[in-house]
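# Coordinate inspection notes
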Amino acid sequence: MKILIIGGNGTIGKTVTERFKADHDVIVAGRSSGEVRVDISSSESIEMMFAKIGKLDAIVNIAGDAKWDKFENLSEEDFYIGIRSKMMGQVNLVRIGKEYMNDGGSITLTTGILADDPVDMTTSAAMVNGAIQSFTKAVALEMDRGIRVNVVSADLVEDAFEKYKDYFPGNTPVSMRKVTDAYVKCVLGKINGEILRVRA
Ligand SMILES: NC(=O)c1ccc[n+]([C@@H]2O[C@H](COP(=O)([O-])OP(=O)(O)OC[C@H]3O[C@@H](n4cnc5c(N)ncnc54)[C@H](OP(=O)(O)O)[C@@H]3O)[C@@H](O)[C@H]2O)c1
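Predicted model only: the values in this text are computed from it and were never measured. (Residues numbered from 1 in each chain as written. Predicted model: local features only at pLDDT ≥ 70, side-chain atom pairs only at ≥ 80, totals over all residues. Heavy atoms only, no water.)

## Overview of the pattern of salt bridges
Let me state the cut-off plainly: Any Lys or Arg side-chain nitrogen found within 4 Å of a carboxyl oxygen on Asp or Glu counts as a salt bridge. Comment: elements are numbered from the N terminus, with helices defined as DSSP H or I runs of at least four residues and strands as E runs of at least two. Exposed residues in this analysis have more than 50% of their type's maximum accessible area, buried residues have under 20%, and partly exposed residues fall in between, with area computed by a 1.4 Å probe over protein chains only.
Per the stated rule, a full pass over the model turns up 11 salt bridges. Ionic pairing is found between Asp-78 and Lys-67, a salt bridge with its closest N-O pair at 3.6 Å. With Asp-78 in helix α3 (residues 76-97) and Lys-67 in the loop between β4 (56-61) and α3, the pair connects residues that are 11 residues apart, well separated along the chain. With its nearest N and O atoms 2.7 Å apart, the salt bridge here joins Asp-116 to Arg-197. Residue Asp-116 is located in the loop between β5 (101-110) and α4 (123-140), and its partner Arg-197 is located in strand β7 (residues 195-198); the two are separated by 81 residues in the primary sequence. Overall, the relative accessible area of 32% leaves Asp-116 in the partly exposed class. Because the salt bridges share partners, they merge into one network encompassing Arg-19, Arg-177 and Asp-181.

Next up, the structure:
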């Protein structure tokens, strides 16, 4: 399978990339690293990436930002960071990317625990995660040529625990193995329109 992993050099992305590389032809894309450069918050950049790469069997996105801060500190413009990146970035990956999929291909998006269990300072991140989960269920109904769309929604992962643990008091991080398995299930399995909630 020819698989594009956007954010494939990130904390989650590098473990997922390693797993798929064992058996597949993997292309890693990122904002400042990877074989192909892309900024998912720009649809022009997404178009250019796909035009360069050509036809694919799977797209896996493990990238996207949102601003974390107290609700009272977040400006309208701050909300647009998450809307442009994690929300519309992923919508545009499906909107544009579906034209580059081989029949029966799959697109896997990434949200996270905040959609279901937000913590302090995550109004923006929780909001865009929830939007992508609803989008995924709806868009999966309209895909043709057997193209599937799913989302992996992990809890805080083991490899990011030190960085984020103070934001998630009492949280039990999820193993990298379990998170990676969810991406494998989306790409190699037959599921469609599902939100895989990966918890410890
Ligand atoms: N860490 C967790 O515990 C956890 C849990 C659940 C969900 N998530 C979600 O999973 C995703 C990845 O998390 P992570 O912890 O692996 O993040 P990370 O370590 O910061 O890695 C993110 C990767 O995405 C790329 N990237 C970021 N913004 C991009 C953009 N606009 N266009 C293209 N590439 C971009 C980065 O590339 P460059 O370095 O080249 O900029 C980097 O390779 C995020 O959406 C996060 O919210 C994370």
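Here the narrative resumes, following the displayed structure.
## Details of unusual backbone geometry
Positive phi, normally seen in glycine, also occurs at Met-121, with a value near 75°. Relative to the helices and strands, Met-121 resides in the loop between β5 and α4. With phi around 55°, Arg-145 is a residue other than glycine that occupies positive phi space. Among the secondary structure elements, Arg-145 is positioned in the loop between α4 and β6 (148-154).

## Regarding the sheet that holds β7
Going by this rule: Each pair of strands is called paired provided DSSP finds at least two bridges between the two strands. Here, residues are in contact when the closest pair of their heavy atoms is within 4.5 Å. Between the N-to-C directions of two axes lies an angle of 0 to 180 degrees, each axis being a line fitted to C-alpha atoms and, for a helix, fitted only over the stretch in contact.
Read from one edge of the open sheet, 7 strands run β3-β2-β1-β4-β5-β6-β7, paired in parallel fashion. What marks the edges here is a single partner per strand, and that holds for β3 (36-37) and β7. Across 5 bridges, strand β1 (residues 2-6) lies against strand β2 (residues 25-30) in parallel orientation. Bridging across to β2, Ile-5 finds its partner in Val-28. Against the sheet, helix α2 (residues 43-53) contacts β1, β2, β3 and β4, and its axis sits at roughly 155° relative to β1.

## Looking at the site of the ligand
The condition is simple: Think of it this way: one heavy atom of a residue within 4 Å of a molecule or strand is enough to make that residue near it. For this analysis, a polar contact is any N or O atom pair within 3.5 Å, provided that within protein one partner can donate a hydrogen and the other can accept it, and provided that sequence-adjacent residues contribute only side-chain to side-chain pairs. Under the scheme applied, nonpolar residues are Ala, Val, Leu, Ile, Met, Phe, Trp, Tyr, Cys and Pro; charged residues are Asp, Glu, Lys and Arg; polar residues are all the others, including Gly.
Residues in close proximity to the ligand total 25 residues, the closest being Thr-11, Ile-12, Ser-32, Lys-86 and Val-157. In the model, an oxygen atom of the ligand is placed 3.2 Å from a nitrogen or oxygen of the Ser-33 main chain. Contact between the ligand and Asp-39: a nitrogen atom at 2.9 Å from a side-chain N or O atom of the residue. Classifying every residue of the shell around the ligand by side-chain character gives 9 nonpolar, 11 polar and 5 charged.

## A closer look at the nonpolar core
The test is simple: Nonpolar cores were defined as sets of buried Ala, Val, Leu, Ile, Met, Phe, Trp, Tyr and Cys residues, with membership established by side-chain atoms within 4.5 Å.
Ranked by internal contacts, the top residues of the largest apolar core, which has 33 residues, are Ile-5, Phe-20, Val-157, Val-179 and Tyr-183. Elements that contribute at least two residues to this core include exactly β1, α1 (11-21), β2, β4, α4, β6, α6 (176-188) and β7. Counting residues per element, this core draws most heavily on α6, which supplies 7 residues.

## A closer look at the pairing of β5
Keep this limit in mind: Handedness of a crossover is defined as follows: orient the strands so they point away from the viewer, and if the path from the first strand over the helix to the second runs clockwise, the crossover is right-handed.
The buried fraction of β5 amounts to 7 of the 10 residues, a majority that puts the element mostly inside the structure. Crossover handedness for the path β4 to α3 to β5: right-handed. As paired strands, β5 and β6 are joined by 5 bridges and run parallel to one another. Bridging across to β6, Leu-109 finds its partner in Val-151.

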